Amino acid sequence: MSLYSIWVLEYAYTNVFPKTGVLYGAHNQGSLKLAYCYTVIKGNGHVAMQDVGYNNKDYAREFADSLGLEKWQSPRTVLGEIGIKPEDVDTIFISHAHFDHFGNVYDFPNATFYIQEREISKFVWALSLPERMHFLLTGIDPGDILRGVELATQGRLVCIDGDMENVLPGIDLRAAFDTHTYGSMWVTVRNDGKPESQDTWVLAGDLAYQFENLGDSGKGGAPDSRYVPIGLAVGSQTNLLMVTESMIKAVGNETRRVIPPHEERIKNRFPSRITKDGLRITEICLADGARSMMV
Amino acid sequence: MTGLRQASGHAVPVVDGVDERLVAYAFAVEAIFAELRAIIGQLSGTFILLQTRRTHDLGELPALVRDRRDRAVERIDCLNSPEGRLADRGKLAQAVDHIDAAIVALRSMRHDRCHEQIVSVSARLRAAYRLMQDVCDHRIGLTMVDIGNACCACGKKLA
């Protein structure tokens with residue numbers, strides 16, 4: 001039995017992301033292509049997503065100039081490649097509040113959003129610190145938090161505290177406190193629906209950018225090299241490594257089952273295609289009876 | 001191509017070729033932005049928590065916000081806008097007016113609140129945010145999203 005289909009959808013990318021940003025310590029090793037993606041989980045009567053991308057309406061030119069981002073397409077266009085409309089999405093898991101994950105909430109009028117309360121409360125705390133400490137606020141747009149107020153007013157923002165099992169049947173949210181951000185979280189999809197699942201997928205958010213973060217030298221099996229943390233952590237590298245271990249264990253030590261949405265090379269492991277807009281769709285798995293979106 | 005300029009220890013990404021006088025002005029405005037961004041973020045985040053925790057406790061927030069607001073006003077009063085940026089001072093002052101209204105509403109909610117009050121405060125903060133967006137110019141480092149120290153920010157320099 002497979003409850004859900006999972007797709008990783010690229011909505012923009014940059015070809016000039018410094019390698020040291022994705023692999024801590026990879027200084028002066030040039031840059032790589034970094035895909036900007038969100039993930040769709042569809043099945044069992046639900047259309048869910050991990051993250052929503054960034055606010056291109058307000059920041060298109062700025063992000064193009066400052067970050068080298070290109071080829072942005074709207075959720076309507078990107079989701080349309082797998083036959084979904086933004087209005088179809090009923091549940092969204094916000095892995096963390098950085099601008100490229102929490103920026104586009106307005107495009108999803110029918111979704112309930114889940115975020116760790118700690119992500120909000122520690123953000124408020126960090127803002128109370130003097131300006132010289134505001135490295136801790138890197139990447140967060142106060143406008144996104146302001147939009148969160150509207151969601152909360154509408155009853156569409158659920159702030160959770162820690163782990164939450166079966167947020168949807170077979171889908172769990174796992175806290176990763178004080179790692180990349182204060183209240184990051186990752187998603188497990190137990191695709192057979194069993195408590196001790198033999199078919200689990202982990203959606204890592206920004207807790208892993210590349211296979212090498214997961215100790216995966218390329219084989220996709222058990223970790224065969226050291227874990228290498230990502231570059232940015234307002235928490236700690238220790239916590240990042242501990243969470244990496246938890247994610248690997250959740251998938252029974254099979255690193256290919258931990259999906260880093262920013263990783264360009266997932267196209268080499270899973271069926272993928274390039275859309276007419278030059279963006280990649282990657283099909284991680286299909287629910288029973290679901291149609292492939294690779295044609 | 002984007003480079004980094006630094007003053008008072010604060011790195012600001014600036015597009016090459018921009019007038020140096022404008023860059024100096026940008027540093028002055030950034031100090032105001034820093035306060036107003038923080039106020040909007042603090043108030044927004046707190047409102048989320050108030051609603052999801054169903055509590056009325058605002059803690060020290062009003063005092064913290066008031067201090068930031070006062071510093072922002074001092075800096076706005078000293079702002080010397082160059083040609084082409086003359087409207088900035090008025091917009092930033094209006095943003096403060098909206099924030100002041102939000103703070104007044106916040107105080108009235110200390111012991112009680114209703115949906116309309118929250119919507120009103122949210123609208124005031126959005127108005128302040130929009131006015132700041134009008135002043136934004138990423139070419140001189142005036143942005144609402146601070147990516148100055150993000151690991152991705154120097155990517156364009158490597159191009």
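Residues numbered from 1 in each chain as written. Chains lettered and ligands numbered in written order. Predicted model: local features only at pLDDT ≥ 70, side-chain atom pairs only at ≥ 80, totals over all residues.

## Some words on the overall build of chain A
Alright, step 1. Along the backbone of chain A there are 7 helices and 14 strands.
Alright, step 2. Relative to the compact-globule value of 19 Å for 295 residues, chain A shows a C-alpha radius of gyration of 18 Å, a close match.
Alright, step 3. Across its three principal directions, the C-alpha atoms of chain A cover 55 × 45 × 40 Å.
Alright, step 4. Looking at chain A as a whole, 56% of its 295 residues qualify as buried. (Helix = DSSP H or I, 4+ residues; strand = E, 2+ residues; numbered from the N terminus. Rg over C-alpha atoms; globule rule 2.2 N^0.38 Å. Buried ≥ 20, exposed ≤ 12 C-beta atoms within 10 Å, placed from the backbone.)

## Here's the deal with the overall build of chain B
Alright, step 1. Scanning chain B for helices and strands turns up 4 helices and 2 strands.
Alright, step 2. Reading the helices (α) and strands (β) of chain B from amino to carboxyl end gives β-β-α-α-α-α.
Alright, step 3. With 159 residues in all, chain B has 41% of them scored as buried.
Alright, step 4. Intrachain contacts of chain B at a sequence separation of at least 6 include 66% that bridge at least 24 residues. (Contact = placed C-beta atoms within 7 Å.)

## Some words on the sheet that holds strand β8 (residues 164-168) of chain A
Residues and elements named next belong to chain A.
Alright, step 1. Spatially, 5 strands are ordered β8-β9-β10-β11-β12 in an open sheet, and the strand pairing comes out mixed. A single partner strand is all that each edge strand has here, and the edge strands are β8 and β12 (258-259).
Alright, step 2. Relative to strand β10 (residues 183-190), strand β9 (residues 171-177) is paired through 7 bridges, and the arrangement is antiparallel. Within the sheet, the bridge partner assigned to alanine 175 lies in β10 and is methionine 185.
Alright, step 3. On top of the sheet, helix α7 (residues 237-250) reaches β9, β10, β11 (200-203) and β12; it is set at about 155° to β11, its chief contact. (Pairing = 2+ DSSP bridges. Axes fitted to C-alpha atoms, helices over the stretch in contact; angles between N-to-C directions.)

## Some words on the interface of chain B and chain A
Accessible area lost upon the coming together of the parts serves often as the stated size of an interface.
Alright, step 1. Across the contact, 42 residues belong to chain B and 43 residues belong to chain A.
Alright, step 2. Elements represented by at least two residues in the side of chain B that touches chain A include exactly β2 (10-15), α1 (20-53) and α4 (115-135) of chain B.
Alright, step 3. Broken down by element, the side of chain B that touches chain A gets its largest block of residues, 14 residues, from α1 of chain B.
Alright, step 4. The residue inventory of the side of chain B that touches chain A, partitioned by class, reads 23 nonpolar, 15 polar and 4 charged. (Nonpolar A, V, L, I, M, F, W, Y, C, P; charged D, E, K, R; others polar.)

## Topic: the pairing of strand β1 (residues 5-18) of chain A
All names here are of chain A.
Alright, step 1. When you tally the buried positions in β1, you get 13 out of 14 residues, the bulk of the element.
Alright, step 2. Here 11 bridges tie β1 to strand β2 (residues 31-43), and the two strands are oriented antiparallel to one another. Residue pairing for β2: proline 18 is matched across the bridge by serine 31.
Alright, step 3. Bridge analysis of β1 against strand β14 (residues 280-285) gives 4 bridges, and the strand direction is antiparallel. In the sheet register, tryptophan 7 faces β14, and the bridge partner there is glutamate 283.
Alright, step 4. Pairing geometry for β1 and strand β4 (residues 69-70), over 2 bridges, is antiparallel. Paired with tyrosine 13 across the strands is glutamate 70, a residue of β4.

## Overview of the packing of helix α3 (residues 87-108) of chain B against α4 of chain B
All names here are of chain B.
Alright, step 1. It is at 8 Å that the axes of α3 and α4 come closest, and there the two elements cross at 165°. By the criterion of interaxial angle, the relationship of α3 to α4 is roughly antiparallel. As α3 runs across α4, the sense of the crossing is left-handed. Mapping the contact onto sequence places Asp88, Lys91, Leu92, Gln94, Ala95, His98, Ile99, Ala101, Ala102, Ala105 and Leu106 in α3 and Gln117, Ser120, Val121, Arg124, Leu125, Ala127, Ala128, Leu131, Met132, Asp134 and Val135 in α4.
Alright, step 2. Considering only residue class, the contact of α3 with α4 consists of 14 nonpolar, 4 polar and 4 charged. (Parallel < 35°, antiparallel > 145°, perpendicular 65-115°, else oblique. Left-handed = near helix turned anticlockwise from the far one by under 90°.)

## Re unusual backbone geometry
Peptide bonds are mostly trans, and most non-glycine residues show a negative phi.
Residues and elements named next belong to chain A.
Alright, step 1. Here lysine 71, not a glycine, exhibits a phi torsion of approximately 65°, which is positive.
Alright, step 2. Even without being a glycine, asparagine 166 presents a positive backbone phi close to 50°.
Alright, step 3. When you line up the elements, asparagine 166 lands in strand β8.
Alright, step 4. By the C-beta count within 10 Å, which is 12 here, asparagine 166 ends up exposed.

## What to know about α3 of chain B
Residues and elements named next belong to chain B.
Alright, step 1. In this model α3 runs 32 Å from its N-terminal to its C-terminal C-alpha over 22 residues, within 8% of the 32 Å that 1.5 Å per residue would give.
Alright, step 2. All of the buried residues along α3 are Asp88, Leu92, Ala95, Val96, His98, Ile99, Ala102 and Leu106. Down the axis, α3 shows its buried residues gathered within 160° of arc, on one side only. Residues of α3 that are exposed and angled more than 90 degrees away from the buried face: Ala87, Val104, Arg107 and Ser108. (Expected span 1.5 Å × (residues − 1). Arc of directions from axis to C-beta.)

## Some thoughts on the pairing of strand β3 (residues 46-50) of chain A
Residue and element names in this part refer to chain A.
Alright, step 1. For β3, a buried count of 4 out of 5 residues is recorded, marking the element as mostly surrounded by other parts of the structure.
Alright, step 2. One ladder, built from 5 bridges, connects β2 with β3; its direction is antiparallel. Opposite isoleucine 41, over in β3, you have alanine 48 as the bridge partner.
Alright, step 3. Between β2 and β3, which pair antiparallel in sequence order, lie 2 residues; one of them, asparagine 44, sits at a positive phi of approximately 60°.
Alright, step 4. Sheet analysis places β3 next to strand β5 (residues 91-93), joined by 3 bridges and oriented parallel. Its bridge partner being in β5, glutamine 50 is matched across the sheet by phenylalanine 93.

## Notes on the environment of glutamine 117 of chain B
Alright, step 1. As for its position among the elements, glutamine 117 of chain B is in helix α4.
Alright, step 2. If near-sequence neighbours (up to four positions away) are discounted, glutamine 117 of chain B is found in contact with Ala105 and Met109 of chain B.

## Some details on the packing of helix α6 (residues 142-153) of chain A against α1 of chain B
Alright, step 1. One can describe the packing of α6 of chain A onto α1 of chain B by two numbers: an axis separation of 8 Å at closest approach and a directional angle of 25°. Judged by the angle between their axes, α6 of chain A and α1 of chain B are roughly parallel. Handedness of the crossing formed by α6 of chain A with α1 of chain B: left-handed. Each of Pro142, Ile145, Leu146, Gly148, Val149, Ala152 and Thr153 of chain A in α6 of chain A lies in contact with α1 of chain B, whose residues at this interface are Arg37, Ile40, Gly41, Ser44, Gly45, Phe47, Ile48, Gln51 and Thr52 of chain B.
Alright, step 2. Split by residue class, the contact of α6 of chain A with α1 of chain B holds 8 nonpolar, 7 polar and 1 charged.

## Quick notes on α1 of chain B
Alright, step 1. Along its 34 residues, α1 of chain B runs 48 Å from first to last C-alpha, staying within 8% of the 50 Å computed at 1.5 Å per residue.
Alright, step 2. Among the residues trailing α1 of chain B, arginine 54 of chain B stands out with phi positive, at a value near 55°.

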